[in-house]
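Each chain, letter by letter, is given below.
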Amino acid sequence: MSLDPTLLDDLEWRGLLAHSTDLDAMREAFAAGSVRYYVGFDPTAPSLHMGNLLQIVTAVRLQRAGHTPYVLVGGATGMIGDPRDSGERTLNPTETVAEWTERVRRQVEPFLSFEGENAATMVNNLDWTAQVSAIDFLRDIGKHFPVNRMLARDVVRNRLEDGISYTEFSYVLLQSMDYLHLHREHGVDLQLGGSDQWGNITGGVELIRRATGDRVHAFVTPLITKADGTKYGKTEGGALWLDPEMMSPYSFFQFWLNVEDEKVPELLRVFTFLSREEIEELEATHAEKPFLRAGQKALAEHVTTLVHGAEETERIKAASAALFEGGELRAVDERTLSAALRNVPFTYELELNGAEFPTVAELLVLTGVCESKSAAIRAVKEGGGYLNNVRVSDPSARPSVDDVLHGKWLVLRRGKKKFAGVEVR
RNA sequence: GGCAGGUUGCCCGAGCGGCCAAUGGGAGCGGACUGUAAAUCCGUCGGCUUUGCCUUCGAAGGUUCGAAUCCUUCACCUGCCA
């Protein structure tokens, strides 16, 4: 595997280096040989999300450039929980942490290559943390951490008012110990992570310097926020999950397709492997013809392919085209329509048995597009209810046999984007 | 431990015996304008068998024809004094 000498410049151009240790030293290390680097994921949920994806993609960039990844799953750190501003975490049961650790491991695996000269390695920090005695921990690790410095960290300072447990306060020692362990046992010289990890990561760099005298490297990627500075997924009720069970690939694709114009250049840079030329061309196209949303389309296609595969992405693209661009749904052939509606997050199988159709409002509830009948009636009254892409004004209207497309489907829609498929039997 | 204040819908926050499903802001949702974008404007925003009914204002009791509003107890939070 040959080393890509442009790696660091590329990372810089993409805006991936929010903070870093000495860049010149890192550049030298990258030039000298395949650098072993690590990135860690704590099992704080059953699935990884958009924020983690950024670390994964960045790790892939380094591997493609010839360096050697170590992916750490936090079987140990996940039992402790790193401090965050929103307050003390609730400790998860051991079994839950174990299960989530396994899920995280399986989720990350497909992204990296575990073959070749710079094959990736999976590690679990529980393996070297579980058997450390409290005495050893305090003597070997704790001794290197001045409490006054730990107290000065932003996260800790912000939490002093409301309170922070000793457990979370100690988190940084565990993560630092991981870096020290990987450095000693595997020759790992670089750690990357999200910008919120900067404190924990430099803790490790510092620990290694004190314990071994070695200078190791680190960098963190920026926090990705919406154009107005708020977090993605913060208000829409849930993060952007990578697990198809927790967020359908269709919704995932739609998310990227709907990204604000302003964010497209940044997201293309950090989340896709498109080259600088390709991205700049997309930006030019966008500046000229923004209504084409070429950037969003490229983004949605690339990221969805990366996470859910090319086949799935093709299906979703066809589905989106059928529903959004088709206009007259009768014109859409049955195969495309069926495929489209099976990809939509809301579906319902209606057993008619000769009985009369439910009302439009009832169907909106049955498919799950509306939370309650009141909400459904309200939606229709507001002009946000559609049957087969035609607005319905009366919530108590009932579809007729003629409305069933290809003898099988009713397409319900709420607002501009929420589609639901009703399969009539 | 003592004194004072607080706990309201997704969040913040009014209300302080009937006119309260509860002012206002934010988020959300829908519409208009567009480009499945942003901004803006308008509407909506507990549930239902929907011109009416039911369940909500920390919890449980009580006073009253009637309580988010008054009283009692409990829980939690905040400030002042120990």
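Everything in this summary refers to the structure shown in the same document. This structure is a prediction, so every number in the text was calculated from the model and none was measured. Here, residues in each chain are numbered from 1, in the same order as that chain's written sequence. The order in which chains are written sets their letters, starting at A; the order in which ligands are written sets their numbers, starting at 1. Thresholds applied to this predicted model are a pLDDT of at least 70 for local features of residues and 80 or more for the giving and counting of side-chain atom pairs; totals over whole chains, interfaces and linings are not thresholded and use all residues. The side-chain figures draw on all heavy atoms in the structure; neither hydrogens nor water molecules are used.

**So, helix α12 (residues 198-212)**
Helix and strand definitions follow DSSP, with helices as H or I runs of at least four residues and strands as E runs of at least two, each counted in order from the N terminus. A helix is expected to span 1.5 Å for every residue after the first. When the terminal C-alpha atoms of α12 are compared, their 21 Å separation across 15 residues agrees well with the 21 Å that a helix rising 1.5 Å per residue should span. Each residue is assigned to one of three classes by its accessible area relative to the maximum for its type, calculated with a 1.4 Å probe on protein chains only: buried under 20%, partly exposed between the two thresholds, exposed over 50%. Within the sequence span of α12, burial applies to Asn-200, Ile-201, Gly-203, Gly-204, Val-205, Leu-207 and Ile-208. On its buried face, α12 is in contact with α7 (134-141), α11 (171-186), β5 (190-194) and β6 (217-221). Immediately beyond the C-terminal end of α12, within one or two residues, lies Gly-213, with a positive phi of roughly 85°. Contacts: residue pairs with any heavy atoms within 4.5 Å of one another.

**Here's the deal with unusual backbone geometry**
In this structure, Asn-389 takes a positive phi of about 65° despite not being glycine. By the secondary structure assignment, Asn-389 is in the loop between β8 (385-387) and β9 (390-391). Here the phi dihedral of His-406 falls at roughly 55°; this positive angle occurs in a residue that is not glycine. The topology assignment puts His-406 in the loop between β9 and β10 (409-414).

**Points about the packing of aromatic side chains**
Any two aromatic rings considered together are summarised by their centre-to-centre distance and by the angle between their planes. Side-chain rings of Phe, Tyr and Trp (the six-membered ring for Trp) are treated as a pair once their centres are within 6.5 Å; stacked means planes under 30 degrees apart, edge-to-face means over 60, and tilted covers the remaining angles. Enumeration according to the criterion identifies six aromatic pairs in this entry. Seen from their ring centres, Phe-255 and Trp-256 are 5.1 Å apart, and the 85° between their planes marks the pair as edge-to-face. Note on Trp-256 and Phe-271: the rings are 5.0 Å apart at their centroids and 65° apart in plane angle, and the pair reads as edge-to-face. Of this pair, Trp-256 sits in helix α13 (residues 249-257) while Phe-271 sits in helix α14 (residues 264-271), placing them 15 residues apart in sequence. The burial state of Trp-256 is the same as that of Phe-271; both residues are buried.

**Considering the side chain of Asp-42**
Note that Asp-42 resides in the loop between β2 (36-41) and α3 (50-64). Pairs of N or O atoms within 3.5 Å make up the polar contacts considered here, provided that, within protein, one atom can donate a hydrogen while the other can accept it, and that residues adjacent in sequence are counted only when both atoms are side-chain atoms. At 2.6 Å, the side chain of Asp-42 and the side chain of Thr-77 are in polar contact. Other than its neighbours up to four places away in sequence, Asp-42 contacts Gly-74, Thr-77, Gly-78 and Tyr-171.

**Here's the deal with the protein's contact with RNA strand B**
Residue proximity to a molecule or strand is established when one non-hydrogen atom of the residue lies within 4 Å of it. Every one of the 27 residues lining RNA strand B counts as a neighbour, but Asn-258, Asp-261, Ser-374, Arg-414 and Lys-416 are closest to it. Contact distances for RNA strand B include 2.8 Å between a base oxygen and a side-chain N or O atom of Gln-254. The set of elements that each furnish at least two residues to the surface near RNA strand B consists of α13, α17 (310-325) and α20 (373-381). Here the surface near RNA strand B gets four residues from one element, more than from any other, and that element is α20. Of the residues contributing to the surface near RNA strand B, the split by class is seven nonpolar, 10 polar and 10 charged. Any residue that is not Ala, Val, Leu, Ile, Met, Phe, Trp, Tyr, Cys, Pro, Asp, Glu, Lys or Arg is counted as polar, Gly included; the first ten are nonpolar and the last four charged.

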